[in-house]
Amino acid sequence: MNTLLHIDNLTISARKQGQWTPIVKGSNFTLHQNEVLGIVGESGSGKSVTSLALMGLLPKGILQITAGSITFNGTDVSVLSQKELRKLRGGEISMIFQEPMSSLNPSLKCGFQVAEILQEHTKLSDAEIKAKVLELFNKVKLPNPEAIYNRYPHEISGGQKQRVMIAMAIACNPKILIADEPTTALDVTVQKEIVLLLKELQQQTGMSIIFISHDLSLVSEIADRVVVMYRGEIVEQGTASEIFANPQHTYTKALISSRPSLDVRLKRLPTIQDFLNNTVNTT
């Protein structure tokens, strides 16, 4: 398998009282071409911060890479200028954020927001760009693309907004799509549809996907390999079947075991910490 992205000893630090404190520590993982890599862990484990670093979107003066490298297609992304990063973002690496309502501009029509990406990264004419946007809306299975093109974000549903975001993300045929909790704000039925859509698009285009989530069932459906993060560190990684069928690290076992059972009704749902402390009450 050809390596597309390699993260080597990546350490990300936060500025606190004038000092830099590591919050993601010595991460190492690889993304191959035409692969879906799942990154799992509870909130605060460092998943989203890592994804922002991959895009060069760490808030300046608050978070920064203090060690290690991010190599994409032979280039260390962590040392690129903002101008170079702008060319990379959207064109080579794209991202779908957690909350589509806050990611889309409420004052601009959906079609225009997707068209902006194409204006930035291609030399297509206005007519060609509109045709491409409508083609993308069809590809992500939006109903009545012409109508959606002329609607504002508040005029469409949450699932439709997320599909507009996906259309925006894949507009320039990126080599890597980072999906950061892309279904968190959606109901269960729509979550399933979005995951199936991403899987279908990945198979059609051959792009690689980094799928970040705390929802293990969704990750198990889409990922080829899985990285498990806990308190800023990667504690385990392997194929999806290895991780879910035979987890090795205590935290991974706790993460999987803390999912509610469909067969037993408990008075109190166990937490990850219960499993880590071996204080689970099964009554």
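Everything numeric here is computed off the predicted structure, so don't read it as measured data.

Participant: Where do I start with the overall build of the chain in this structure?
Facilitator: Along the backbone of the chain there are twelve helices and ten strands. On C-alpha atoms alone, the chain measures out to a radius of gyration of 20 Å, which is about the 19 Å that the 2.2 N^0.38 rule sets for 283 residues. Structurally, the chain occupies a C-alpha span of about 65 × 45 × 40 Å along its principal axes. For the chain, contacts bridging at least 24 residues in sequence account for 66% of all contacts bridging at least 6. Here the chain displays about 14100 Å² of accessible surface, and carbon together with sulfur accounts for 49% of that area. Across the chain, the mean location of the 28 positive side-chain charges is 4 Å away from that of the 27 negative side-chain charges.

Participant: Any chance you could explain unusual backbone geometry here in plain terms?
Facilitator: When glycine is set aside, most residues are seen to have a negative phi, and most peptide bonds are trans. One non-glycine residue, Asn 73, lies in the positive phi region at around 50 degrees. Mapped onto the fold, Asn 73 is located in the loop between β4 (63-72) and β5 (75-76). Positive phi outside glycine occurs at Glu 181, with the angle close to 50 degrees. As for its placement among the helices and strands, Glu 181 is situated in the loop between β7 (176-180) and α8 (188-205).

Participant: Mind showing me how you'd approach the nonpolar core here?
Facilitator: Soluble globular proteins: nonpolar side chains tend toward being buried together. Ranked by size, the top nonpolar core spans 54 residues in total, and within it Phe 137, Val 164, Ile 166, Leu 198 and Phe 211 carry the most contacts. Looking at which element gives the most residues to this core, the answer is helix α7 (residues 158-170), with seven residues. Apart from residues no more than four positions distant in its own chain, Leu 198 is found in contact with Ile 96, Ile 166, Leu 177, Ala 179, Pro 182, Ile 209, Phe 211 and Ile 222. One finds Val 49, Leu 58, Phe 72 and Met 229 within the second-largest nonpolar core, a separate group that totals 30 residues.

Parameters and conventions
Residues numbered from 1 in each chain as written. Predicted model: local features only at pLDDT ≥ 70, side-chain atom pairs only at ≥ 80, totals over all residues. Heavy atoms only, no water. Helix = DSSP H or I, 4+ residues; strand = E, 2+ residues; numbered from the N terminus. Rg over C-alpha atoms; globule rule 2.2 N^0.38 Å. Contact = heavy atoms within 4.5 Å. Areas by Shrake-Rupley, 256 points an atom, 1.4 Å probe, with all protein chains shown as cover. Lys, Arg positive; Asp, Glu negative; His and termini not counted. Charge placed at Lys NZ, Arg CZ, Asp CG, Glu CD. Core = buried A, V, L, I, M, F, W, Y, C linked by side-chain atoms within 4.5 Å. Buried < 20%, exposed > 50% of the residue type's maximum accessible area, 1.4 Å probe, protein only.

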